[in-house]
Amino acid sequence: MRVPFYDIKAQYDELAAPLDKVVHEVISSGVYALGPHHNALEREIAELHGCKHGIALNSGTDALRIMMDAQGIGPGDEVITTAFTFVASTETIVQTGATPVFVDVDPSTFMIDTSLIDAAVTERTKAILPIHLFGQLCDVRGVTAAAERNSLVVLEDAAQAIGCTYEGTPSGNFGVAAGFSFYVTKNLGAAGDAGMIVTNDDEYAARARAIRIHGMGRERYYYDYVGYTSRMDEIQAAVLRVKLQRMAAWNERRAEIAAIYLDRLSGLDLPLPSIQPGNNHTWHQFAVTTPRRNELMPFLRERQVDSMIYYPVPLHFHAPYARFGGGEGSLPETERISREVLNLPIHPHLTDEQVEHVARSVVDFFA
Ligand SMILES: Cc1ncc(COP(=O)(O)O)c(C=O)c1O
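The protein goes by Pleiotropic regulatory protein DegT in an unreviewed UniProt entry, where it is assigned to Fimbriimonas ginsengisoli Gsoil 348. For the protein, the Sequence similarities (unreviewed entry) comment in UniProt is given as "Belongs to the DegT/DnrJ/EryC1 family."

Draft legend 1. Representation of the nonpolar core in the model. Membership of the largest hydrophobic core comes to 74 residues, with the highest contact counts inside it found for I45, F84, F182, I197 and M232. Here this core gets six residues from one element, more than from any other, and that element is helix 4 (residues 60–71). Each of domain 1 (8–103 + 113–241) and domain 2 (246–366) contributes no fewer than three residues to this core. Core analysis: the second largest hydrophobic core is formed by 24 residues, V3, L296, V305 and L344 among them.

Draft legend 2. Highlighting a nonpolar patch on the surface. A surface patch of nonpolar side chains, about 400 Å² in accessible area, is lined by Y221, Y222 and Y223. If you trace the backbone, Y222 turns up in the loop between helix 8 (202–211) and helix 9 (234–264).

Draft legend 3. Spotlight on helix 2 (residues 16–29). Here helix 2 contains 14 residues, and its C-alpha end-to-end distance of 20 Å stays within 8% of the 20 Å for a straight helix at 1.5 Å per residue. Along helix 2, the residues classified as buried are A16, L19, V22 and V26. Angularly, the buried residues of helix 2 cover 145° about the axis, an arc narrow enough to put them on a single face. Away from the buried face of helix 2 by more than 90 degrees, exposed residues A17, K21, H24 and S28 are located. Where helix 2 is buried, its residues meet helix 1 (8–14), helix 3 (36–48) and helix 9. In the segment just after helix 2, G30 is the residue with positive phi, at about 80°.

Draft legend 4. Quick peek at the site of the ligand. Lining the immediate environment of the ligand, one finds 14 residues, of which G60, T61, D157, S181 and K186 sit closest. Within the side chain of D157, an N or O atom sits 2.8 Å from a nitrogen atom of the ligand. A distance of 2.9 Å separates an oxygen atom of the ligand from a polar atom in the side chain of Q160. In isolation the ligand has 390 Å² of accessible area, and contact with the protein removes 92% of it. When atoms are counted within 2 Å of each cavity's grid points, the one that captures over half of the ligand is the largest pocket. No other element matches helix 4, which puts three residues into the shell around the ligand. Grouping the constituent residues of the shell around the ligand by class yields six nonpolar, six polar and two charged.

Parameters at a glance
- Residues numbered from 1 in each chain as written.
- Predicted model: local features only at pLDDT ≥ 70, side-chain atom pairs only at ≥ 80, totals over all residues.
- Heavy atoms only, no water.
- UniProt positions renumbered as here; feature names shortened; annotations may be inferred.
- Core = buried A, V, L, I, M, F, W, Y, C linked by side-chain atoms within 4.5 Å.
- Buried < 20%, exposed > 50% of the residue type's maximum accessible area, 1.4 Å probe, protein only.
- Helix = DSSP H or I, 4+ residues; strand = E, 2+ residues; numbered from the N terminus.
- Domains from an automatic or database assignment.
- Patch = residues over 30% accessible without salt bridge, like charges linked within 9 Å, V, L, I, M, F, W, Y side chains within 5 Å.
- Areas by Shrake-Rupley, 256 points an atom, 1.4 Å probe, with all protein chains shown as cover.
- Salt bridge = Lys/Arg side-chain N within 4 Å of Asp/Glu carboxyl O.
- Expected span 1.5 Å × (residues − 1).
- Arc of directions from axis to C-beta.
- Contact = heavy atoms within 4.5 Å.
- Near = heavy atom within 4 Å.
- Polar contact = N/O pair within 3.5 Å; in protein donor to acceptor, adjacent residues only side chain to side chain.
- 1 Å grid on protein atoms, 1.4 Å probe; cavity = no way out; pocket = protein on both sides within 12 Å on 5 of 7 lines; lining within 4 Å.
- Sits in = over half its atoms within 2 Å of the grid points.
- Nonpolar A, V, L, I, M, F, W, Y, C, P; charged D, E, K, R; others polar.

Now the structure itself:
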């Protein structure tokens, strides 16, 4: 039985009629940018996260970059973040001319170990950029307390955290802003690249809105900031609005699959993901760690089970970012998790039979 890691086509099949309809409507309307779907999606995502503003963009990476530009992060500044993640957070910090300062992750969450933040703060530190990984939020209380103690702003990388809350409060309300990715494989995925910033700050929102379109603020062809071309296409907004209707049901299915894995794998010598206190988990990923990862992955492949390694190499080991890290051994948990992590398929279109096959295959490996 083949178990694919993602099945984007199944999402389309489920929603083919409304997706075809809305895409045709947009193409035939001739309105391809900053149109009604774009504006409605901004409102809907902002509302979902209890925020005043949504600024739709062409990727999650641009969301992070524009979040930093709108905050005025630049050369000479330091931003505290983590190295066990996708490259976009560190990449965009470096693009602004600022310096990423890596702290290690908490082994129980793979996210920022907030007990290490104070020691990483210098007089140049401007912001903390926590990354909410795999479908739940980081230790938000720890991050906001450290930010307050040290007078820092918080910019959340919420690329994987659409719909995630901490003690009932959604991402986007813990600092200045949060940035989402709607890349195709996310819990809410476009038919290509798309992203969004949410914020409660009117002036910050106005700056971000201007920066996404060449810094054009008050008036057309008058430039207040250095900006980009980063509008979300109307077609992507329309597709996302259709899929948003299904997101809660898809997330419920992800939770059912997670519950099956947690039950079937509970007797093994295998640390399993846990829901952190106060969090709702949207199960973007289901990550396990084992020193035998490099044997487990091919074993699963033989059983036709696809798995993925998110993330195989910590950011401070990559050539462009090595100068910001302390070399091998400097982030022991980050480095160990990168060696041991394996992500099992958890997309909502898996059948129970497929999920049981994955679980049985993992159990057989350890037997
Ligand atoms: C944690 C994290 N940050 C940032 C990004 C960047 O988002 P995008 O691929 O939409 O540019 C991603 C998505 O791939 C991500 O997973």
